[in-house]
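Results of the structural survey
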Amino acid sequence: RALDELIAGQEKILTDRTAGSARLRAEARESLAGGVASAWQDSPPVAVWIEDGHAAHVRDVDGTDYVDLHGGFGVGLAGHAHPAIVAAVTGRVRHGTHFAQPTRDLIPVTRLLAERFGLPQWRFTNSGTEATMDAVHLMRAATGRKKILKVEGSYHGHHDSVQVSGYARVAEDIGPDDRPRSVAYGPAYPTEITDLTLVVPFGDLAAVERVLAEHPGEIAGMIIEPVMMNIGLIVPPDGYHAELKALLHRHGAHLAYDEVKTGFAIAPGGATELFGTTPDIVCLAKAMGGGIPCGAVGATRALMDRIADHTYEQVGTFNGNPMMLAATRAMLTEVLTEDAYRGFDALRSRMTGGVEAALRRYGLPGYVAAHGAKGSVIFTERLRNFRDFLAYDDRWGHLHWLYQHNGGVFLPPWGKTEQWTLSVQHTAEDAERFVLNFERFAAAVHTA
Ligand code: PMP
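Predicted model only: the values in this text are computed from it and were never measured. (Residues numbered from 1 in each chain as written. Predicted model: local features only at pLDDT ≥ 70, side-chain atom pairs only at ≥ 80, totals over all residues.)

**Details of the site of the ligand**
By nearness alone, 14 residues border the ligand, and S127, G128, T129, G157 and V260 come closest of all. Tallying contributions element by element places helix α6 (residues 128–143) first for the shell around the ligand, with 3 residues. Taken together, the residues that form the shell around the ligand break down as 4 nonpolar, 7 polar and 3 charged. (Near = placed C-beta within 6 Å. Helix = DSSP H or I, 4+ residues; strand = E, 2+ residues; numbered from the N terminus. Nonpolar A, V, L, I, M, F, W, Y, C, P; charged D, E, K, R; others polar.)

Put into structure tokens, the structure is as follows:
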């Protein structure tokens, strides 16, 4: 109850300071479904309308300045209006923005992706959803098998095969902990398709082995976030990925990493580099394009031959569009340098240290899970998988978000699900503001 009162008080402050956003939303509702451009732009009690962004800050339509750790749901490694991105994109605009024909940047960009992620061949998409859709299609096309494996609670975008057993819609019957049931994300997704997606708990090799054994010759492959985000941040047990790949290969199935969030954020070559296991497919998006809509799929030569020979027709009007290529090239050569990753490490250490000290000082449960530019405060002692995630109180995460927001730090909303994203333009001062807000939150909870 005390927590609810604190939440109500902070929500009131937030609502009062975002009156301009509320007015615009009310006006927009007439012609824009729900008054937002995408479902998760709504962050109750408000949707904050943004006016502009510079460096590591954003300003909303009420004129409030925030340190931006929302990062556009993980896109923001460059920060806003980074000079290298501005130069690359404006330079490109002057020479035409779309031809639906190959342009020269394709060659250096695919070579740079191959270097970072250790996979020889690439294709482009315009979103993470399309990238994971291509990965699933490619695994099916290459094996002639229909079923795929996915982790319970993971999000891979909004196509039919992966809108299964996600967090936003938890059914009453989700099955036993070690044998989760496939639950379709609402009536838009036919169970004829979603039933082809079998779900397993994160980090549990025995469950994968059992499902593979129960469906011999039927499973095309597994799609997985190698570090699970979208339910906080979960690092798998040691050696998990190498064993997972070997296990899938023994059954003639493929391993696809969804590195849409982890991609360039947790290491230069993402989880693929961090864990030292190269999967059969890597999906990228978000940060890659420096804020321009983007996506990419890399794979082994054997798999990519199925695209080259049209077994799977990987296609799209905007695929490999010149704007995205120019921005991606700048990201890979000028923004995401070795220095950038040193900077992420320094700021992340300060934030993690500050939060964990405050948790201890005020006797609150939890820890920080963080890698590279990403991190999340986990308000429970142990978070290993979706079932652990469901078992703890979402109100902590929401109240923390409110305290950060009202203290001038924009974190991604939705309580305990999201992560912060650092950019190359954040400063020590920005990290201090985050820690200070956390201390205020922790002190308030402690006395409540
Ligand atoms: N995969 C992961 C891991 C994601 O976090 C997201 C988006 N949050 C997606 C895929 C989908 O990407 P997009 O929103 O660009 O379609």
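**Things to note about the environment of P365**
Relative to the assigned elements, P365 resides in the loop between α13 (338–361) and β11 (367–371). On the basis of neighbour counts, which here come to 13 C-beta atoms within 10 Å, the residue P365 falls in the partly exposed class. Each C-alpha atom, one on P365 and one on V89, is 45 Å from the other, the two residues being 276 residues apart in sequence. For P365, the residues in contact, after removing those within four places along its chain, are F379, T380 and E381. (Buried ≥ 20, exposed ≤ 12 C-beta atoms within 10 Å, placed from the backbone. Contact = placed C-beta atoms within 7 Å.)

**Here we look at the sheet that holds β11**
The sheet built from 3 strands is open, its strands ordered β11-β12-β14 with antiparallel pairing. Single-partner strands in this sheet number two, and they are β11 and β14 (420–421). Both β11 and strand β12 (residues 374–378) contribute to a ladder of 5 bridges, which runs antiparallel. Its bridge partner being in β12, V368 is matched across the sheet by V377. α13 rests against β11 and β12 of the sheet, and its axis sits at about 170° to β11. (Pairing = 2+ DSSP bridges. Axes fitted to C-alpha atoms, helices over the stretch in contact; angles between N-to-C directions.)

**Side note on the nonpolar core**
The biggest cluster of nonpolar side chains holds 120 residues, and the ones touching the most others in it are A135, I148, M222, A256, I281, C283 and A327. For this core, the element with the most residues is helix α12 (residues 322–335), which contributes 8 residues. Each of two domains, domain 1 (2–77 + 337–447) and domain 2 (84–335), supplies a minimum of three residues to this core. In this view, A327 contacts I85, A88, V89, G289, G290, G291 and I292; residues no more than four positions away in its chain are not counted. (Core = buried A, V, L, I, M, F, W, Y, C linked by C-beta atoms within 7 Å. Domains from an automatic or database assignment.)

**Observations concerning the sheet that holds strand β6 (residues 197–200)**
Ordered in space as β4-β10-β9-β8-β7-β5-β6, the 7 strands form an open sheet in which the pairing is mixed. Each edge of the open sheet is held by one strand with a lone partner, namely β4 (121–125) and β6. On average, each strand axis in the sheet is tilted by 20° relative to the strand beside it, whichever way the strands run. Bridging between strand β5 (residues 147–151) and strand β7 (residues 219–224) involves 4 bridges; their strand directions are parallel. From the neighbouring strand, L149 faces β7, where its bridge partner is M222.

**Things to note about unusual backbone geometry**
It is generally the case that most residues other than glycine have a negative phi and that most peptide bonds are trans. For the bond from P44 to P45, the omega torsion is 15°, close enough to zero to count as cis. One can find P45 in the loop between α2 (19–28) and β1 (50–54). For A55, which is not glycine, the phi dihedral falls at a positive 50°. Turning to its location among the elements, A55 is positioned in the loop between β1 and β2 (57–60). For A55, a count of 18 C-beta atoms within 10 Å translates into the label partly exposed.

**What about the environment of M228?**
Residue placement: M228 occurs in the loop between β7 and α9 (240–250). For M228, a count of 27 C-beta atoms within 10 Å corresponds to the buried category. M228 sits 114 residues away from R342 along the chain, and the two C-alpha atoms are 23 Å apart.

**Observations regarding the packing of α13 against helix α16 (residues 428–447)**
It is at 9 Å that the axes of α13 and α16 come closest, and there the two elements cross at 15°. By the angle between their directions, the pair α13 and α16 is classed as roughly parallel. Crossing angle aside, the handedness with which α13 passes α16 is right-handed. Contacts from L347, R350, M351, G354, V355, A358 and L359 of α13 reach α16 at A428, A431, F434, V435, F438, E439 and A442. (Parallel < 35°, antiparallel > 145°, perpendicular 65-115°, else oblique. Left-handed = near helix turned anticlockwise from the far one by under 90°.)

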